[in-house]
Amino acid sequence: MRDYEVECIECGARFSREDIVYTCRKCGGLLDIKYDYSEIDTERVVKAKGEGVWKYRDLLPFAEETKPVTINEGNTPLYGCDRLAKTIGIDDLCVKHEGLNPSGSFKDRGMTVGVTKAVELGVKGVACASTGNTSASLAIFAAKAGVPCYVLLPKGKVALGKIAQAMMHGAQVFSLKGNFDDALRVVRVLCEEEKLYLLNSVNPYRLEGQKTIAFEVAKKLDWEVPDRVILPVGNAGNISAIFKGFLELKTLGVIDSIPKMTGIQAEGAKPIVTAFKEGKAEIIPEDKPETIASAIRIGNPVNAAKALHAIRDSGGVAESVTDDEITEAQLMLARMEGIGVEPASAASIAGLKKLVRMDEIERDERIVCITTGHLLKDPERVIKICEAPKEVDADVDVVRKMLKM
Ligand code: F0G
């Protein structure tokens, strides 16, 4: 059994592994999975065989014999993006495209671990609130595990592809009259009272899966970490998870520095950016978050405390970008690098552009942007921002005349 503790990040209270608990019963703080790193064989981590999330099972909270609920998540490509780098004015840019996970987003990394834990605990069902991707991913893993799945989505606020996935994979889908923060509030109480297993990123096991993004980035770069990792921030789980991943590698002596964790939010939903800029330890929730990047339309991010810690401790920054900047970045990625992402993911590139413009990022920094979700998640947005197909007669000359060359 991999030895670990479930520990409160605020007061250090510890909870038993069998205890189903999401936040500290003493102080309400967020929980973290802690290992005894002196027991972990660094060589085994560095030389680990296999692919994806479970390749790193020495740093996951399971017994050797646990059978994972897996659909080959992780192992996503890290693309060199020279054309885009040149246009933005930097030397070295790579994009890790998490949209190429089985469900089309990084959530699969967290769900393979979270649903494996759910099965181990013998829960009667799993549930989440979601801006879309979490629900799509949970529905898929719950289907694979044969566990009932309940998802609460903010009505009219979720991209089409994501709802389609949750429906197709057999989740009970609720369209909640409210926003994501309302849905999360409701599902947390529901899970407590109905004994369903909550798989939002407040669940610390989710973050254990997502931290493998850091392992894959470091391994791909021969354990020479980039200077900076930039990613979109919504409920703030992913930035916290990736920071933890790098921290663990440093603790094990595999890497010798931590990238500057740089979180990007949309202008209309930026409580973490505001807290960061004002030097506050806590966020002030926003009542009416609004952005075209529906995945990160979140006013009260549950992992804010962890994310602010990750950003500050690594010497990173938090910055916001407008919807227009997001759209421009989405088009640039698609048309210069062939990488199709949903709007929230493009926030990372938009943030990079803005920070270079502001001289916050130096030209020679080695940068990795994480693109979190696939283009096909949100086809309606594409229809809105791209030129519509031209209707033509089935005649060569007619088509020829209309070609733009
Ligand atoms: N990018 C995409 C595509 C997302 O779906 C999310 C979160 C994020 C970024 C932000 O990640 O929450 O860890 O800071 N989506 C959640 C959901 C909230 O319900 O699918 P985070």
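Preceding this paragraph is the structure being described.
Residues numbered from 1 in each chain as written. Predicted model: local features only at pLDDT ≥ 70, side-chain atom pairs only at ≥ 80, totals over all residues. Heavy atoms only, no water.

(A) Highlighting the sheet that holds strand S10 (residues 228-232). If you walk across this open sheet you meet the six strands as S4-S5-S13-S10-S11-S12, and the pairing is mixed. Looking at which strands have only one partner, the edges of the open sheet turn out to be strand S4 (78-80) and strand S12 (318-321). Neighbour-to-neighbour, the strand axes of the sheet open up by a mean angle of 25°, direction not taken into account. On the sheet, helix H9 (residues 237-251) packs against S10, strand S11 (260-266) and strand S13 (366-371) and is oriented at approximately 175° with respect to S11. The sheet strands contacting helix H12 (residues 323-337) are S4, strand S5 (92-97), S11, S12 and S13, and the helix crosses S12 at an angle near 90°. (Pairing = 2+ DSSP bridges. Helix = DSSP H or I, 4+ residues; strand = E, 2+ residues; numbered from the N terminus. Axes fitted to C-alpha atoms, helices over the stretch in contact; angles between N-to-C directions. Contact = heavy atoms within 4.5 Å.)

(B) Representation of the nonpolar core. Of all hydrophobic cores here, the largest spans 128 residues; its most connected members are Leu-93, Val-126, Phe-246, Ile-272 and Leu-352. At eight residues, helix H13 (residues 343-357) tops the list of elements feeding residues into this core. Setting aside residues up to four positions removed in sequence, Phe-246 forms contacts with Ala-214, Val-217, Ala-218, Val-225, Val-229, Ile-255, Ile-258, Pro-259 and Met-261. (Core = buried A, V, L, I, M, F, W, Y, C linked by side-chain atoms within 4.5 Å. Buried < 20%, exposed > 50% of the residue type's maximum accessible area, 1.4 Å probe, protein only.)

(C) Broad picture of empty space enclosed by the protein. Under the criterion given, the structure shown has three cavities of 30 Å³ or more. Looking at the largest cavity, its volume works out to about 310 Å³. The wall of the largest cavity is formed by 29 residues, among which Phe-106, Lys-107, Gly-234, Asn-235 and Ala-295 lie closest to the centre. Elements represented by at least two residues in the lining of the largest cavity include exactly helix H4 (133-145), helix H7 (204-210), H9 and H13. Considering every element that reaches the lining of the largest cavity, the biggest residue donor is H9, with three residues. (1 Å grid on protein atoms, 1.4 Å probe; cavity = no way out; pocket = protein on both sides within 12 Å on 5 of 7 lines; lining within 4 Å. Points joined across faces, edges and corners; volume = space filled by probe spheres on them.)

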